[in-house]
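Here is how the chains run, residue by residue.
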Amino acid sequence: MKRVILSFILLLHIVSVSAQSNNKLSLEDVISGGKNYRKFIPSYKNIKFLGNSDDLVLNTSDSLFIVTGEEQRDLLITIQDINESLSKKELKTLTSLWSVNWINSEKLWFNNGQAIVVYNVSSKKIDYTLEFPEGAKHIDFNLESSAAIFIKDDNLYILSKDQQAVLIEEGSEDGIVLGQSVHRNEFGIQKGIFWSPDGTSVAFYRMDESMVTDYPLVNVNKRVAEVENTKYPMAGMKSHEVTLGVYNITDQSLVYMNTGEPKEKYLTNIAWSADNQNILIAELNRGQDHMQLKMYDSKKGTFVKELFEEKSDRWVEPENPALFIPNKSAQFIWQSERDGFNHLYIYDINKGLLKQLTKGEWVVTSVHGFDTTGKNIFITATKDEGVLNRNLYKVSLSSGKMKRLTSEEGVHTITVSKSGNKVIDMYSNVSTPRVIQVLDVKKKDTRLLHVAENPFKGYEVGKIVMDTIKSVDGETDLYSRMILPPNFDASKKYPVVVYVYGGPHAQMVKNSWLGSARMWQLYMAQQGYIAFTMDNRGTPDRGCDFEKVIHRQLGEAETADQMEGVKYLKSLPYVDADRIGVHGWSFGGFMTINLMEKYPEVFKVGVSGGPVTDWKYYEIMYGERYMDSPEENKEGYAMTNLNDRTQTIEGRLLVIHGAIDPTVVWQHSMVFIEQCIKNRKQVDYFVYPRHEHNVRGADRVHLMQKVTTYFNDFL
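Here we summarise the structure given alongside this text. (Residues numbered from 1 in each chain as written. Predicted model: local features only at pLDDT ≥ 70, side-chain atom pairs only at ≥ 80, totals over all residues. Heavy atoms only, no water.)

**Thoughts on unusual backbone geometry**
The condition that has to hold: Secondary structure follows DSSP: runs of H or I at least 4 residues long count as helices, runs of E at least 2 residues long count as strands, and numbering of each begins at the N terminus. Using a 1.4 Å probe on the protein chains alone, a residue whose accessible area is under 20% of its type maximum counts as buried, one over 50% counts as exposed, and one in between counts as partly exposed.
The step from E261 to P262 runs through a cis peptide bond, and the omega angle for that step is -10°. Non-glycine residue N269 carries a positive phi angle of around 50°. Structurally, N269 is set in strand 21 (residues 265–272). Looking at N269, the relative accessible area reads 5%, which means it is buried.

If you want it as structure tokens, here you go:
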């Protein structure tokens, strides 16, 4: 084991601040939904590029300003100006300007809940509106066509400028879902509407889930409780069937892509070709080990050709659609993990693979677009400072040469201007709450826009220690974060609360503000606990060997790695090895019970929220990717079934669940409790009757008070 410095000596700033005052945090301060929570979020300025220009605009909710310096700005318009124009047309006024979208330096648009409004800032007049009917949902506006798609009564409509709404396709409340995200938001899918580049056509998902089992959720707020069914395709059972329709605005024609058999497959990562003629679909088999990027004629719906395929003996997970290169209409960027790490590849529709653009034992985490020449692409990656950090690079498409544009250590969130000449860079690191600056790519200079103060100044906050721990394999580095109690005394013994997630697509430890710790962990440190978190194998952005070791055996490598973290904790003279607790939610809830069952002699107390207890009860897309189907992997499903191991539990365990959880259905914890009863194991159980997969809003303070009290009482 070795201590990772990573310039975290700056953490002494937090310690020194703590020494100056003894104000204590409360749960109302550190929990979202708490009365004072926003006070402790680092201050932020909503600064964006003005349309397609390199100019900056500041949005203060009630006014919009051109930014000329850190404290210099010129007023563009106020909410009063816009509301006066809305009132004249008897349209609903705005309560804030947070949702406005810039079209160019003179025009913006917004949805006021009644209409799409295009507004001219220079003239202070409404350019035009698209008024949608009451009850319209999932409204998707397209600038090129001055049209909007919406759903009403399950049906899909298009609303064009100066025209009445036109019905595109009929859906139904019995299982035909139109224009919405499909496949339970896996594979990077976040929407169901895809406009052609010129706006003359629109593609949309049609999902038929009539064949999927109804899963009962119960509304106890009714006089007599009512069943509210949701469609939930459990692993190994019938899945929904998805097709892709294309509607042509000009001739009002509708055609579906002939994606053929089998119908149970995944249509992911929809992209239009640059010439508006074809649609690219990353089609993935239900087994999720074979992806084919196929091209279809958008006018006829006919299959044109397969551009390439990817296979894996574990899984293939396409998450990013083809990104066409400006000024080269046949060429596009594709992201793939085929060499073991997520990298960029350049393809030509006619010639196939041209080359791999990025290479190395690091991953591309985001793509931000091109400069106006189309010769360079901007990416965020883990290249230079490892998975704890995210930096911005400009990559030459011709040579592959990479130039790092961000210099400060930490996690950078990036917005690149349309020209590629300017970058809005918002970053933080363990000791830096938030900095916003604009980078000039050509001049290679930086202009500071905002520096947030430490929101915990004057409060007791413990020191944060970032470490590296070897995995159980003895080779792989795992990154951890430990928060020590304020006024820490190394001669004393402290109990530990391990906060765990440990599953795919979630990195808990980063070189961002507070090391990405939840503020509740600061609170627990203040209560006298050491708060510990470690990212085990199976978590993201470390390459396929690291991430895919979990295949067909969820929770095995993960818990083994977590125990290496526990061994590290036990090696510290100030850790009370007899008082170690664990808490997590969702996959972390699964991990909590798993650790309590596998290592009952180690964990004295556990709090598990929304846990998966048997993967056969989980949904197809996520569950079968990592576990295959129950029929294909009987041994794996049996090995990871927490319900069959309740007899091994020795410590105090509290299980919490939302009664209308549509993600990890209530059945998981109910079956687990039933098995605890059969095995005469006493566990504690608490249900939030009208909450879903997590407890949100003001009730979250109640949740975390319950979690905290449980550790206080029993650890």
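**What about the nonpolar core?**
Note the cut-off: Throughout this description, the term nonpolar core refers to a set of buried Ala, Val, Leu, Ile, Met, Phe, Trp, Tyr and Cys residues connected via side-chain atoms within 4.5 Å.
Counting residues in each nonpolar core, the largest one holds 104 residues, and the members touching the most others are F456, M482, W520, F532, F603, W615 and F711. Core analysis: the next-biggest nonpolar cluster, separate from the first, contains 39 residues, V242, M257, Y266 and I270 among them.

**Comments concerning the sheet that holds strand 9 (residues 125–131)**
Worth spelling out the cut-off: In this scheme, strands are said to pair when DSSP sees at least two bridges between them.
Taken in spatial order, the 4 strands make up an open sheet running 6-7-8-9, and their pairing is antiparallel. The open sheet is flanked by strand 6 (101–102) and strand 9, the only strands paired with a single partner. For strand 6 and strand 7 (residues 107–111), the ladder comprises 2 bridges, and the chain directions are antiparallel. By the bridge assignment for strand 7, N101 is matched with W109.

**Comments concerning the pattern of salt bridges**
Applicable threshold: Salt bridges are defined by distance alone: a side-chain nitrogen of Lys or Arg within 4 Å of a carboxyl oxygen of Asp or Glu.
One pass over the structure, following the stated rule, counts 32 salt bridges. In this structure, R625 and E317 form a salt bridge, with 3.3 Å as the shortest nitrogen-oxygen distance. Here E317 lies in the loop between strand 24 (303–311) and strand 25 (323–324) and R625 lies in helix 8 (residues 620–627), a separation of 308 residues in the sequence. There is no split in this pair, since R625 and E317 are both buried. Across the pair D384 and R404 runs a salt bridge whose closest N-O atoms are separated by 3.8 Å. Remark: R404 occurs in strand 32 (residues 402–404) and D384 occurs in the loop between strand 30 (376–381) and strand 31 (391–396); sequence separation between them is 20 residues. Overall, the relative accessible area of 39% leaves D384 in the partly exposed class.

**Comments concerning the sheet that holds strand 35 (residues 432–440)**
Applicable threshold: For helices, the fitted axis covers only the stretch in contact; all axes are lines through C-alpha atoms, and the angles between them, taken along N-to-C directions, range from 0 to 180 degrees.
The strand order 33-34-35-36 describes an open sheet built from 4 strands, whose pairing is antiparallel. The open sheet has two free edges, formed respectively by strand 33 (411–416) and strand 36 (445–451), since each of these has just one partner strand. Between one strand axis and the next, the sheet turns through 25° on average, direction left out of account.

**Description of the side chain of H668**
Position of H668 relative to the elements: it lies in helix 10 (residues 667–678). H668 gets classed as buried once you look at its relative accessible area, which sits at 0%.

**Here we look at a nonpolar patch on the surface**
For clarity, the threshold we go by: Excluding any residue in a salt bridge, patches collect residues exceeding 30% relative accessible area, merging like charges within 9 Å and nonpolar Val, Leu, Ile, Met, Phe, Trp and Tyr side chains within 5 Å. Each accessible area value is a Shrake-Rupley result obtained with a 1.4 Å probe; residue values ignore everything except the protein chains displayed when judging cover.
Together, V218, V220 and V227 make up a nonpolar patch on the protein surface, roughly 230 Å² of accessible area in all. Here V220 is to be found in the loop between strand 17 (214–219) and strand 18 (226–231).

**So, the packing of helix 6 (residues 556–571) against helix 7 (residues 587–598)**
For the record, the criterion: We call two directions roughly parallel when the angle between them is under 35 degrees, roughly antiparallel when it is over 145, roughly perpendicular when it lies between 65 and 115, and oblique otherwise. Whether a crossing is left-handed or right-handed is set by the direction in which the near helix is turned from the far one by less than a right angle, anticlockwise for left-handed and clockwise for right-handed. Note on contacts: a residue pair is in contact if any heavy atoms of the two residues lie within 4.5 Å. As a working rule, the residues Ala, Val, Leu, Ile, Met, Phe, Trp, Tyr, Cys and Pro are called nonpolar, Asp, Glu, Lys and Arg charged, and the rest polar, with Gly in that last group.
Following both chains from N to C, one finds helix 6 and helix 7 inclined at 70°, their axes separated by 10 Å at the closest point. Judged on the interaxial angle alone, helix 7 and helix 6 are roughly perpendicular. Where helix 6 crosses over helix 7, the two elements pack in a sense that is right-handed. Here helix 6 contributes E556, E558, T559, Q562 and M563 to the contact with helix 7, which in turn contributes F587, M591, N594, L595 and K598. Considering only residue class, the contact of helix 6 with helix 7 consists of 4 nonpolar, 3 polar and 3 charged.

**A look at the layout of surface pockets**
Rule in force here: In this analysis the probe radius is 1.4 Å and the grid spacing 1 Å, with only protein atoms considered; a cavity is a set of points the probe fits into but cannot get out of, a pocket is an open set with protein on both sides within 12 Å along at least five of seven lines, and lining residues have an atom within 4 Å of a point. Grid points are joined across faces, edges and corners, and a volume is the space filled by probe spheres set on the points.
Volume-wise, the second largest pocket comes out at about 1400 Å³. Together, 35 residues line the second largest pocket, and K191, P197, L323, G369 and K418 are the ones closest to its centre. Broken down by secondary-structure element, the contributors of at least two residues to the lining of the second largest pocket are strand 6, strand 10 (137–142), strand 15 (193–195), strand 21, strand 25, strand 26 (331–336) and strand 29 (364–370). When residues in the lining of the second largest pocket are grouped by element, the largest group, 4 residues, is from strand 29. Of the residues contributing to the lining of the second largest pocket, the split by class is 20 nonpolar, 10 polar and 5 charged.

**Points about the packing of aromatic side chains**
Between two aromatic rings, the relevant description is the distance of the centres plus the angle of the planes. Applied cut-off: Any Phe, Tyr or Trp ring, taking Trp's six-membered ring, that has another such ring centre within 6.5 Å forms a pair; planes under 30 degrees apart are called stacked, those over 60 apart edge-to-face, and the others tilted. Note on geometry: a ring has a charge over it if NZ (lysine) or CZ (arginine) is within 6 Å of the ring centre and within 35 degrees of the ring normal.
All chains considered together, the criterion is met by 28 aromatic pairs. With a centroid separation of 5.7 Å and 10° between ring planes, the pair formed by F332 and Y347 is classed as stacked. Of this pair, F332 sits in strand 26 while Y347 sits in strand 27 (residues 343–348), and the two are 15 residues apart along the sequence. By the burial criterion, F332 is buried, and Y347 matches it. Put simply, the rings of W315, Y501, F587, F590, W615, Y618, Y622 and Y626 touch in pairs and so form one group of aromatic residues. If you follow K294 out to its NZ or CZ, it ends over the ring of F303, 5.6 Å from the centre. Taking the ring centre of F686 as reference, the NZ or CZ of K706 above it sits at 4.3 Å.

**Notes on the environment of N258**
In this fold, N258 is placed in the loop between strand 20 (253–256) and strand 21. Filtering out sequence-adjacent residues up to four positions away, N258 remains in contact with Y296 and G301.

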